[in-house]
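# What the coordinates show
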Amino acid sequence: MLLTVVLVLLALLLGTILVRALLVRGKKLTSAPAPSEEEALVLAKKLQRMIQCPTVSYKDKHEDEPFAQLRKVMEEEFPLIHRRCQKRVFSNDCWVYKVPGKDNSRNILLMSHHDVVEGKGEWKYPPFSGELAEGKLWGRGTVDTKTPLFGEFAALEQLLSEGWEPGVNVWIASSANEEHCGDGIPLANEWFKEQGIAFELILDEGGAVIDPPIGGMKCEKCAMVAIHEKGRHSITLTASEKDHHAGLTAGKKATPAERIAALVTEIQKGKVFIRRLGPQMKGMLEAMAPYASFPMRLIFANLWCFGPVLTALLPKISGQAGGLLGTTCAFYDIKTDSSNTCTAKTLLRCVDEEDFEKDLKALEALAASYGVELSRGEQWEYHAPADPTLPAFDTVARCIGEIFPDVPVIPFILPAGTDARTLTDVCPCVLRFAPIRLSARQLASVHSENENIDITAVEECVRFYRCLLKKFG
């Protein structure tokens, strides 16, 4: 009798898992319409002028000449916006444009920074030539992130020229020091808060239309929309002779350097910090389920059952994927001074604020057992994730569906950083998605050689922003 009950329960469990996998549904993917190559070339030639402005930003200085060149290009290419807008500038050339809408109580903000990194390395075409060749526009900033910035301005300029009136206040912000985590957007954010300005939607860089994050997907590309990015907390670990005592884990004769080394080794075993499938990670896997092949579809559709196994396996399969399960720790600048005090600077990147508080306590306890002290560094920030149940997220998803009907929308956690992270206290739906279709090689060209974008992708980018603005208008 007991065996029969066990077999029945097992059959029910397996049946439930199988049925859930079979019933999970995503949107129907259809072929994307071919962009107008003629229109794409016209737009690419306008964008070319922006790429030819070498707006390289530096951490400790601002050279304004190339930025002034870009400002002139923007005024010439987008005259209606500059006649209609209210413009403020923060820090070194951080632009904040506002085109008033019919409902002055509602606001949306589109973002993309206009500074770039240097064009080092061996390039097929000079990095600031804006060469149009091989069906692509070549140059630093084509991906990161002058194409999305151009798309925002071009879409708004086109609509205004057609007599369209924004339904809400449309804001466009672009910083000149994003590449160095600069103060442009944070200063703008302080002004937003002082003025009592809140946004229904903020859309910045982060994701794009790129290759699927895992193999075996039944789609060539995915629209990866980041709804969260990891927090940043810098800590200095310090071990000195005066902290040493006989009961330490590292042993009675351990030097400060040996104790730091032993602690680092222990942390890197991956057993200190909480690992779990948080809501953003679950959302990503569940969104991928309809387009995944078996057995991944079976697993992603049944996280209630396979979640613990997946949590254990992901860090072994992919370090990047494993890093989205919780806090990660990177060590740098480990050194010993003349007093035999050893220090190690540490950057902790967390997913969940409450988990991080527990992680920090666990790290402090472990460090204490090695006679190592923790002190807070300059970076100490965590920003709330976007709420994907809000109408603003659905509006972005519908626009993706219209302009990129061949790709599913996949929410995810961004491991990198954006200007938008500082704006979560003025908007409950801060999303990070650049509406540009990229190959794996184009994505890899960011901050590397031969950055380029397909000319047709420029046209798609403009159409996306037109769609988005009209849905709010």
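Right, let's walk through the structure included here. (Residues numbered from 1 in each chain as written. Predicted model: local features only at pLDDT ≥ 70, side-chain atom pairs only at ≥ 80, totals over all residues. Heavy atoms only, no water.)

Moving on, we get to the overall build of the protein. Counting its regular elements, the protein contains 15 helices and 15 strands. Projected onto the principal axes, the alpha-carbon positions of the protein cover approximately 75 × 75 × 50 Å. Relative to its 473 residues, the protein shows a buried fraction of 51%. Pairs at least 24 apart in sequence give 79% of the contacts found in the protein among residues at least 6 apart. For the protein, the accessible surface area stands at approximately 21,300 Å², while carbon and sulfur atoms represent 55% of it. If the 54 positive side-chain charges of the protein are averaged to one point and the 61 negative ones to another, these points end up 5 Å apart. (Helix = DSSP H or I, 4+ residues; strand = E, 2+ residues; numbered from the N terminus. Buried < 20%, exposed > 50% of the residue type's maximum accessible area, 1.4 Å probe, protein only. Contact = heavy atoms within 4.5 Å. Areas by Shrake-Rupley, 256 points an atom, 1.4 Å probe, with all protein chains shown as cover. Lys, Arg positive; Asp, Glu negative; His and termini not counted. Charge placed at Lys NZ, Arg CZ, Asp CG, Glu CD.)

Right, let's get into the pairing of strand β3 (residues 103-111). Looking at chain direction, β3 and strand β6 (residues 168-174) are connected through six bridges and run parallel. Paired with N107 across the two strands is N169, which belongs to β6. Two elements, β3 and strand β7 (residues 201-210), share three bridges in a ladder whose sense is parallel. When the sheet's bridge partners are listed, L109 is paired in β7 with I202. (Pairing = 2+ DSSP bridges.)

The next subject is the sheet that holds strand β11 (residues 342-349). Reading across from one edge, β10-β11-β9-β12 is the order of the four strands in this open sheet, with antiparallel pairing throughout. Strands with a single pairing partner mark the edges of an open sheet, and in this sheet they are β10 (328-336) and β12 (373-381). Averaged over all adjacent pairs, the angle separating strand axes in this sheet is 20 degrees, with direction ignored. Here seven bridges tie strand β9 (residues 232-239) to β11, and the two strands are oriented antiparallel to one another. The partner of I235 across the bridge, within β11, is T346. On top of the sheet, helix α7 (residues 256-267) reaches β9, β10 and β11; it is set at about 140 degrees to β9, its chief contact. This element, helix α12 (residues 353-369), spans β9, β11 and β12 of the sheet and lies at about 155 degrees to β12. (Axes fitted to C-alpha atoms, helices over the stretch in contact; angles between N-to-C directions.)

Turning our eyes to something else, we now look at the packing of aromatic side chains. Each aromatic ring pair is characterised by the separation of its centres together with the angle its planes make. In total, this model carries 14 aromatic pairs according to the counting rule given. Above the face of the Y58 ring, K61 is positioned so that its terminal group lies 4.9 Å from the ring centre. The side chain of R376 reaches across the aromatic face of W380, ending 4.0 Å from its centre. (Phe/Tyr/Trp six-rings, centres within 6.5 Å; stacked < 30°, edge-to-face > 60°. Lys NZ or Arg CZ within 6 Å of the ring centre and 35° of its normal.)

Structurally, S174 is set in strand β6. Polar contacts involving the side chain of S174 include one to the side chain of H114, which spans 2.6 Å. Residues in contact with S174, not counting those within four places in the same chain, are D93, C94, W95, S112, H113, H114 and L149. (Polar contact = N/O pair within 3.5 Å; in protein donor to acceptor, adjacent residues only side chain to side chain.)

So, about helix α6 (residues 184-195). Here α6 spans 17 Å end to end across 12 residues, near enough to the 16 Å set by a 1.5 Å rise per residue. Listed as buried for α6 are G184, I185, A188, N189, W191 and F192. For α6, the buried positions fall inside an angular range of 160 degrees around the axis, keeping them on one side. Packed against the buried residues of α6 are β1 (86-90), β2 (94-99), β3 and β6. (Expected span 1.5 Å × (residues − 1). Arc of directions from axis to C-beta.)

In terms of strand pairing, β10 meets β11 through seven bridges, oriented antiparallel. Across the sheet, residue K335 finds its bridge partner in β11, namely T343. With antiparallel pairing between neighbouring strands as the criterion, β10 and β11 make up a hairpin whose turn holds five residues, including N340 at a positive phi of roughly 65 degrees.

Quick look at helix α3 (residues 65-77) now. Here α3 spans 19 Å end to end across 13 residues, near enough to the 18 Å set by a 1.5 Å rise per residue. All buried positions along α3 are accounted for by P66, F67, L70, V73, M74 and E77. Looking straight down α3, one finds its buried side chains confined to an arc of 115 degrees; they lie on one side.

Right, let's talk about the sheet that holds strand β15 (residues 452-454) for a bit. The three strands are arranged β4-β5-β15 in an open sheet whose pairing can be described as antiparallel. In this open sheet, the two edge strands, each paired with only one partner strand, are β4 (132-133) and β15. Pairing between β4 and strand β5 (residues 136-138): two bridges, direction antiparallel. Bridging from a neighbouring strand, A133 pairs with K136 of β5.

What follows covers the pattern of salt bridges. One side chain can pair with another of opposite charge once the charged atoms of both are near each other. One pass over the full model with this rule turns up 28 salt bridges. For K124, the salt bridge goes to E134, with nearest N and O atoms at 2.9 Å. Of this pair, K124 sits in the loop between β3 and β4 while E134 sits in the loop between β4 and β5; the two residues are 10 residues apart in sequence, bridging distant segments of the chain. Residue classification places E134 among the partly exposed positions, given a relative accessible area of 48%. One salt bridge connects R437 with E460, and the closest N-O pair in it is separated by 3.1 Å. With a gap of 23 residues between them, R437 in strand β14 (residues 430-437) and E460 in helix α15 (residues 455-471) connect regions that are remote in the sequence. (Salt bridge = Lys/Arg side-chain N within 4 Å of Asp/Glu carboxyl O.)

Now for the environment of L314. Within the secondary structure, L314 is located in helix α10 (residues 303-317). A relative accessible area of 11% places L314 in the buried class.

Here we take up the state of the cysteines. Within this structure, the stated rule accounts for zero disulfides. The structure places no disulfide on C427, whose sulfur is separated from the nearest cysteine sulfur, that of C429, by 5.9 Å. Judged by relative accessible area, C427 falls into the buried class, the value being 3%. Free cysteine: C467, not disulfide-bonded; nearest cysteine sulfur from C399 at 3.1 Å. (Disulfide = S-S within 2.5 Å.)

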